[in-house]
Structures are given as C-alpha cells and as structure tokens.
Amino acid sequence: MSEARDFRSIGQRVIRPDGVDKVTGRAAFGADYALPGMIYGRVLRSPHAHARIVSIDTKKAARMPGVLAVVTGADFPSVGSEEITGGEGAGNYKDLATNVMARDKALYHGHAVAAVAATSVAEAEAALAAIKVKYEKLKPLLDLDAAMADDAVLVEEGLFTSGLPEKPTKPSNVATVMELKRGDVEAGFREADIVVEATYRTPTVHQGYIEPHACLATINQGGQATIWASTQGHFDVRSSTAKVLGLNVSDVRVIPTEIGGGFGGKTTIYVEPVAVLLSKRSGRPVKMTMSREEVFRASGPASATKCVIKIGARKDGTLTAMSAWLAYEAGAFRGSSMAPGAMCVFAPYKVDNFLIRGFDVLVNKPKVAAYRAPGAPQSMYACESLLDELAAKLGMDPIDLRLKNAVEEGAQAAYGPKFNAIGFRECLEAAKRHPNYKIPLGQDEGRGVAAGFWFNAGMQSSAEIHINEDGTVTVIEGNPDIGGSRASMALMAAEELGVPYERVRVQIADTESAGYTNTTGGSRVTFATGMAVIQAARDIIGQCKQRAAATWGIDADMVDWADGKAIPKPGVNADVKPLTLAAIAANAGRTGGPLLGRASLNARGAGPGFSVNIADVRVDRDTGKVDVLRFTAIQDVGKAIHPGYVEGQMQGGAAQGIGWALNEEYVYSKDGVMENAGFLDYRIPVASDLPMIDTQIIEVPNPSHPYGVRGCGETPIVAPLAAVANATHAATGVRIRELPLSPPRVLAALDNAAGSAAGKAAG
Amino acid sequence: MARVYFPDHLASLTEGVRELEAHVSSFRDLLEWLEGRYPGISDKLIGKVAVAIDGDIIHDPFLDPIEPGSEVHFLYRIEGG
C-alpha cells in the first residue's frame, strides 16, 4: 500500500500546535480543572504489603467537619471475573476493580482500602486518619525466587497456573506459563563451537511521568457521570470505570485533559471510579489527584525480572541455538508483560533452534502496568548483554555478530510470522559506519552496542475531518496527544488535501464527540489514527470532486484533485477554472451541504521497529559512578512524518533506558515498603546527567501504510539498557549482570574483581 | 490452501496440533472451520489472541481475507505503552 511519492508536508519540522501553551503554562492538565461546589477526594492506603482486612470502621471519619462521603470496598459493586479485551493489555476486570479498592485483603503496601471526600484536602486527610482498619498481617512475597518456591505463601489463594500442558493440582503464584520453540534446541547447542549462559536481573522501575494521575468527576441524579482525566485512552477509562461501578458505558463520558506523560502507565485506571462513587455519595463534583508518593506506591510500575539466557554459536558467529527462561513480576494481580518480553527476546535474530519459557509471577507489590515496549527492555537487556559476551569470546565485532544473524524481509520471526520489509540490517550497517563508532576512547572508558525491537500496533481508530466555510480544516480524533500527534495528524491531513499545515487544526475529542479509538499506546497513533485521518481526507477529496463536477456540469470521474484543487482530468473538454478547497467549501451550501469526511478502521500491518544503540561511558573507579559520554540512537521508523518529534521519541526513550540501566529501582524494606518513593531518592536522569543524544533516522517504508509509517515511540527504550551495560563492561572489564549499575553496585563489583585478582596473585 | 500455526498455549485446544492446512478465504471462515474441527476453540480464541496474516499483526480479526498460500499465526495479544 505504501506509495513512492514526493511529499509536500510530510517530513517538515513544523511547530506543534499545543507547544506554546505547554511551555507557557496555559495548557490544562488533569489537576487544573474545577467545577462549582467541587470537593476533594483522598485515599487511605494499606500500611502493610500483605494483610487480611478484618474490619474497617468509618463512623468517626464520616462525622468529621467537612466530610461529605466515605467509601470502602464494600460500597463498590461486585465485579465478576472477565477478561479485558477492549484495550491493549492483559488483565481482568475483577482484578482491576480490586486494585482500585481492596476488598478482603490488602495485597501491597499502598493498596487503597478506603476513600474520603471533603470540602478541603486537609479535612479529607484528617478524616482518613480517623478511619480504623483492623488488619491481620500476612507474610509478604517480594521477589521472584520467593514467590516461585514450592512452599511459598499465596498472593491469590486458589490461583492455578495457566498455560501448562496438564491442569495443575496445586495453586501457585505463577499465574501463567508460556512457551515458544522451534527446531531442536539441544541439538542446536551440540552443534555449537561455543556456548554461553548467564542470569540477568532487572529491578522494578517506574515510568516517571511528570504529571501524577488526576481526575475530576461528577455524576448527576440521572446517573450520568462525566470525568475529566489525564489518560492515554479515555475510551478505556470509560469502559473500565463503567465496569467497576456497574454502569452502562453510555452513562460515562470521559473528557481527556492534556497529559504530562504516560509511557504506558496511564493506560489503566486508579482514582476515576473512586471519584465517581464519592461524587454519587456526596452530590458534589470530586477532584482526586495522586501525590508523587502515591504514584510510586500505588500506580503500575514495570516488572522486575530474572532472565536466564543461553546461546550457542559456531566459530564464525552463526547462531545455532538460543534459550531463554524469563520470569516477570506481575505485582499483586496476574498480567505482567512477560508474553511480549518472550516474543521480543530473540526477534532480531535468525536461529533455527530455540526455546523460550516465560513465567508471570504474583508478588506483593503494585500491579505492574505497561511501560514503553512493555516487557522488551528486560528480556532484550539479557539477550543483548549475552550476545556481547559471546562476541568477546568469538573475537568478533559486536555489530558484525549481529549482522551475521540479523533477520531481514522473509525471515521467520521467533514469535511466529515472517517479517515483511524491515530495517534491522540497515540500522546495523548505519551503526557500523557512524563516526561515533570510531571515536577513540580513553582510560576507564568503554563502548557498548545493543539492538532493540518492538512489534508496534494497529488496532481501532476513528477520525473526522470538517472543512470549514473558509476552507480551513478541522481534524477530530480520539487519541490524547502525548508525543506530538496533533502535529502529525495535521501534517497528514495537509498532505492529502494539498493545503498548508497552518490551515489544519486538530481537536482531541471526548468519548461522546469522537468515534471509538483505542488507547494512545503500542506506538499505534501515527500509524493507525494517521491512517484514519488519511482515509477521512480521501473521503473529503471524493466529495470535493463531486461538488466540483456538479458545479461544472460534468461527471465526477472526470475530475482530479491536485495541489489542493479540483481540476478537470487531462483531455476533458471543459472550460473551467480549478476550484480550491476554500472555493468548494464556500459554495458547499449550494452543492449539497457541509463537507464532512470520516473514517473508522481496525488497522493491520503495523511494521515492526528495530534499533541499534551505541553508548560510550566513563567509569569512576573510586566511586563506581558511570557517566554517559556519548549516546547514539539509530532506528528504522518507516517514514518520519515529523522528523523532529521522531528524534524526540528516540532521545526520550534513550534517556529512560539510560535511567533504567544506571540508577532507577524500587528499594524495598523487608516488610515490602518502598523506601525511595520520591524523585529525590528514585533517581531518574536529569538534563545534566546526559549528553546530547545523537540520532539517525532510518527509513525503510512499511508496505502496509500509505506513507510507509511504522510506529517509533517504544523501540527507543529497548536497547539502551544493554548498550550501557556492555559499555560499562568494556570500560571496567567486569560484567555486572544486575541493574541498575548504580555507584554502590559498580564499586562493589570492582572491589570484588580487584579482590579476586589480588587473591589469585597471592595464591 | 493456507497454513495455520498455533503457539503452545492454543495447541492444547487443537489436540496438540501446532500447524495445519486450511481451505478458507477469510478469518471468519477459518474460525468456523476450526470450531467444527475443535469444538470450543472459537470462544477461547476471540479476544484473547492476536493473529498475524502474512506477517501483518491484527487485533480482533474477523473479516480479514486469507489468500491461498497465506500464513496465519495465532499470537499472544500484544499490549503497548
């Protein structure tokens, strides 16, 4: 479907229409909204990581000054077990409802157990302190090894592992097992000249979006709720809130606010149903905002993992077999990103024999949520690190090893289908040629390389295009703008219609004003919603050709559309002047009424994205601190609609991946209490921590998109973990197989290595 | 004739069969054919899996055409961030 063509608007670095408001503070985010009579909701959270809730006494709290409503789990309707199928992620509505408000057990420290609405935040918080909860403490499970032990305490009593060939007879904390395999993995290892194997661990990390979860909700006496929410997907907020509260979907309207980052973490709900229920009880609009501490303790981070990888290769670098054992923490409810992690782990490589086993494991931590390419950074960190170890043992350049085994068009992906046109080889070759790959390094400096992969998604999108009476264009779509999608949609509409970008405006409409649209996630918006915008524009062009034909008194199939004008086809004998979009719009009332184009689709063919990163680091041997000197991100994006925003995605993903590699982790006490729930102690990279991230866009068109687009937002976070880890090994000679590579961990590893070396010398 | 591939977690519903051939022209036809051959598989499939037809991953497939020689892979449903 991709068309070779010269673009007029696509590829231009235009100014994003929402940019000025966002940098000057005028943009309205989730916590900025207010209504007359509004009151404030606050949540009481469990002080224990695992406890049975024996009783909750709210009588005193309900009588306190300013308090207008108090709710607990008993006030929510019972929600039966039902798979969540409308959105993107794995999950179950019963679990979702229980995560929003605990019922009989608190399953992690910070789990919501009650909520209060009062006329001020201070009154609400005072009332929370007056709620008496009697707990029976249970042993918390805080890591994979403990949770997978045969005699482990159960996070969910009665949970039986799914995905096993035989139905298990004993409950377990392992919610799901999956397996992918091809060929004969043991025979493949026997064929190998060299076999490497190692275990890697990654910690629980948070997306670190700057804006905490926030909403304002009101419900009228007719039972119709309106919610203003900071979310990646207001249609999913609508369906999930309706399900948790037992409402009809048509009785919930969700208006998306501007969003200050999500990265997957705002694809689910936390406070929205609570605010609606408090509004129902109080008869007032209720605003709820999570504090940063609550965001860390009670929203959804990314899984901690343990990954065991084994790779066999011939002396020339040809891979003969690969195996992966991948365990992902799900948090307190099933549904980690284990499956996509397992599907991604070997995706970049051609290998005839492999076995991948994945485990989704419950622990007493917050239910994990999606985080940019969910599941892939962890498993691919492990694989890409071991490939680095293999390259060193083979004496091969790490890019050459990857080139030797890289998938290309027609290769069978480890997760199943054959790849269509992809750009992995082009990324590797660009990395090999890149000047940054040749810069000499100094003392205690090292260079690392790693590859990244993400499927990208299509799914359902809708778009409308209205041509206004002056010929300007309004695009209406249903995806919150997180990464500059207003600009991308406007560029695509401008390209199709042949009008200047400045004459197109994009509105993000609420659930009652836009056609159903899946969440902004999966790197799907520019691809799928963009495709809907293109189709809606083509609908407009078809109508314009009919209007022009009617005006000229000729058949519509005798009219072409070029450069924003209706013109007679070559050879048509008609003495007419071209009609611009503005001219047709001005005359619309006389030719059939307003011009309204629309499209709704379930997009297929999201082209996969590959990346290659090069990291240069310097390690301070006295402190263990790792500084990133240079970082180069190379990625195939199919076609960059707005190159500046594509580069921004690549840089942002690199920054988050570097944070994951070097500093970020949830630090838990033995009782399961997160001890660093704030940005002072949970260390995400700031501008002064990072060099300018160099980017190189590769464009291998996706044949399933009219312009060749493939998603670009998630792939960038995948490769940095291993690239930085490999660079750190190159700088120190010491391989550390657990993230983050924080100063204490690096220093300890250097000391151990020095101690071992000294011991050997002495011995 | 299209070739259809099942991952392990669905092979339990296909009596262990991981690969088969089907004379179908759409995903709807394939579902009907599979349901006739392996009772109950349709309900289990819909909503829980994604499908790749000739390399294109599709969520919620139904009317999508399947050509002679097509490859159809059932996959775990993929979320995104």
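Cut-offs used in this document
Residues numbered from 1 in each chain as written. Chains lettered and ligands numbered in written order. Predicted model: local features only at pLDDT ≥ 70, side-chain atom pairs only at ≥ 80, totals over all residues. Helix = DSSP H or I, 4+ residues; strand = E, 2+ residues; numbered from the N terminus. Rg over C-alpha atoms; globule rule 2.2 N^0.38 Å. Buried ≥ 20, exposed ≤ 12 C-beta atoms within 10 Å, placed from the backbone. Contact = placed C-beta atoms within 7 Å. Pairing = 2+ DSSP bridges. Axes fitted to C-alpha atoms, helices over the stretch in contact; angles between N-to-C directions. Parallel < 35°, antiparallel > 145°, perpendicular 65-115°, else oblique. Left-handed = near helix turned anticlockwise from the far one by under 90°. Nonpolar A, V, L, I, M, F, W, Y, C, P; charged D, E, K, R; others polar. Arc of directions from axis to C-beta. Right-handed = clockwise from strand over helix to strand, strands pointing away. Core = buried A, V, L, I, M, F, W, Y, C linked by C-beta atoms within 7 Å. pLDDT = per-residue confidence, 0-100.

Considering the overall build of chain B
- When helices and strands are tallied, chain B shows three helices and five strands.
- Counting from the amino terminus, chain B carries its helices and strands in the arrangement β-α-β-α-α-β-β-β.
- Taking 2.2 N^0.38 as the reference for a compact globule, 81 residues should give roughly 12 Å; the C-alpha atoms of chain B span a radius of gyration of 12 Å, in line with that estimate.
- When the 81 residues of chain B are sorted by exposure, 38% land in the buried category.
- Within chain B, residue pairs in contact and separated by at least 24 positions form 50% of the contacts whose partners lie at least 6 positions apart.

Some details on the overall build of chain A
- Along the backbone of chain A there are 20 helices and 26 strands.
- For 763 residues, the compact-globule formula gives about 27 Å, and the C-alpha radius of gyration of chain A, at 28 Å, lands near that figure.
- Dimensions along the principal axes, computed over C-alpha positions, put chain A at roughly 100 × 75 × 50 Å.
- Within chain A, contacts between residues at least 6 apart in sequence are counted, and of these 80% link residues at least 24 apart.

Some words on the pairing of strand S2 (residues 51-57) of chain A
Residues and elements named next belong to chain A.
- Examined bridge by bridge, S2 and strand S4 (residues 105-106) share two bridges and lie antiparallel to one another. If you follow Arg52 over to S4, its bridge partner there is Lys105.
- Inspection of the sheet shows S2 paired to strand S6 (residues 132-137) by six bridges, in the antiparallel sense. By the bridge assignment, Arg52 is partnered in S6 with Glu136.

Structural notes on the environment of Gly484 of chain A
Residue and element names in this part refer to chain A.
- Mapping Gly484 onto the fold places it in the loop between strand S18 (473-477) and helix H14 (485-497).
- C-beta crowding within 10 Å serves as the criterion here: with 24 such atoms nearby, Gly484 is assigned to the buried category.
- C-alpha separation for the pair Gly484 and Lys134, spaced 350 residues apart in sequence, amounts to 48 Å.
- Those residues within four positions of Gly484 in sequence are excluded, and the remaining contacts are Arg16, His642 and Tyr645.

Describing the environment of Gly110 of chain A
Residues and elements named next belong to chain A.
- Relative to the helices and strands, Gly110 is located in the loop between S4 and strand S5 (112-118).
- The class of Gly110 is buried, set by 26 C-beta atoms lying within 10 Å.
- Distance in space between the C-alpha atoms of Gly110 and Arg334 is 18 Å, their sequence separation being 224 residues.
- Among all residues touching Gly110, those that are not within four sequence positions of it are Arg45, Ser46, Glu294, Arg297, Ala298 and Pro366.

Re the packing of helix H7 (residues 234-245) of chain A against helix H8 (residues 272-282) of chain A
All names here are of chain A.
- Running from amino to carboxyl end, H7 crosses H8 at an angle of 55 degrees, the nearest separation of the two axes being 9 Å. With respect to each other, H7 and H8 are oriented oblique. Handedness of the H7/H8 crossing: right-handed. Judged by residue contacts, Val237, Thr241, Val244 and Leu245 of H7 engage Glu272, Pro273, Val276 and Leu277 from H8.
- Tallied by class, the residues present in the contact of H7 with H8 amount to six nonpolar, one polar and one charged.

Description of the interface of chain A and chain B
- Between chain A and chain B, the contact holds 41 residues from the first and 24 residues from the second.
- Elements that contribute at least two residues to the side of chain A that touches chain B include exactly strand S7 (174-182) and helix H10 (338-344) of chain A.
- Grouping the constituent residues of the side of chain A that touches chain B by class yields 19 nonpolar, 14 polar and eight charged.

A closer look at the sheet that holds strand S25 (residues 626-636) of chain A
Residues and elements named next belong to chain A.
- Strand order in the open sheet formed by four strands is S16-S24-S25-S26, and the pairing between neighbours is mixed. Of all strands in the sheet, those bounded by a partner on one side alone are strand S16 (445-454) and strand S26 (693-698). Each strand of the sheet is rotated relative to its neighbour by a mean of 15 degrees, with strand direction disregarded.
- Where strand S24 (residues 609-619) lies against S25, nine bridges are found, and the strand directions are antiparallel. Looking at the pairing, Val617 lines up with Val628 of S25.

Overview of the sheet that holds strand S15 (residues 354-362) of chain A
Residues and elements named next belong to chain A.
- Spatially, S7-S15-S14-S13-S8 is the arrangement adopted by the five strands of the open sheet, whose pairing is mixed. The open sheet is flanked by S7 and strand S8 (194-202), the only strands paired with a single partner. The sheet shows a mean angle of 10 degrees between the axes of neighbouring strands, taken without regard to direction.
- Examined bridge by bridge, S8 and strand S13 (residues 305-313) share nine bridges and lie antiparallel to one another. Residue pairing in the sheet places Thr199 in a bridge with Val308 of S13.
- Sheet strands in contact with helix H11 (residues 376-394) are S8, S13 and strand S14 (319-331), and its direction is about 145 degrees off that of S8.

Concerning helix H13 (residues 424-433) of chain A
Residues and elements named next belong to chain A.
- Considered for burial, the residues of H13 that qualify are Phe424, Cys427, Leu428, Ala430 and Ala431. Along H13, the residues classed as buried sweep out an arc of 160 degrees about the axis, all on the same side.
- Structurally, H13 contributes buried residues whose contacts are with helix H12 (398-405), S16, S24, S25 and S26.

Observations regarding helix H3 (residues 93-100) of chain A
- For H3 of chain A, a buried count of six out of eight residues is recorded, marking the element as mostly surrounded by other parts of the structure.
- For H3 of chain A, the full list of buried residues reads Asp95, Leu96, Ala97, Thr98, Asn99 and Val100 of chain A.

Observations regarding the environment of Gly312 of chain A
Residue and element names in this part refer to chain A.
- In this structure, Gly312 sits in strand S13.
- Taking the C-alpha atoms as reference, Gly312 lies 8.8 Å from Glu197; in sequence the two are 115 residues apart.
- Sequence-distant contacts of Gly312, that is, excluding residues within four places in its chain, are made with Gly188, Phe189, Glu191, Ala192, Val195, Thr320 and Ala321.

Focus: the pairing of strand S11 (residues 252-256) of chain A
All names here are of chain A.
- The buried count for S11 comes to four of five residues, which makes it a mostly enclosed element.
- Of the strand pairs in this sheet, strand S10 (residues 225-229) and S11 are connected by five bridges, and their pairing is parallel. Of the residues in S11, the one forming a bridge with Thr226 is Arg253.
- Once the chain exits S10 it traverses H7 before rejoining the sheet at S11, and the crossover so formed is right-handed.

Observations regarding the nonpolar core
- Grouped together as the largest cluster of nonpolar side chains are 262 residues, with contacts concentrated most on Val475, Ala493 and Val724 of chain A.
- Among the elements that make up this core, the one with the highest residue count is helix H15 (residues 525-552) of chain A (13 residues).

A few points about unusual backbone geometry
Residue and element names in this part refer to chain A.
- Omega for the bond connecting Leu739 with Pro740 falls within 30 degrees of zero, at 0 degrees, which places this linkage in the cis form.
- Locating Pro740 in the fold gives a position in the loop between helix H19 (720-732) and helix H20 (743-762).
- Of note, Ser523 is a non-glycine position whose phi angle comes to about 55 degrees, a positive value.
- Inspection of the secondary structure assignment puts Ser523 in the loop between strand S19 (504-508) and H15.
- For Asp563, which is not glycine, the phi dihedral falls at a positive 55 degrees.
- Tracing the backbone shows Asp563 in the loop between strand S20 (559-562) and strand S21 (565-568).

Here's the deal with the confidence of the model for chain B
All names here are of chain B.
- Looking at chain B as a whole, its pLDDT mean stands at 87, while 91% of the residues score no less than 70.
- For chain B, the element scoring lowest by mean pLDDT is helix H3 (residues 41-45), at 71; strand S1 (residues 2-5) scores highest, at 95.
- Scoring of the predicted complex yields 0.96 for pTM and 0.93 for ipTM.

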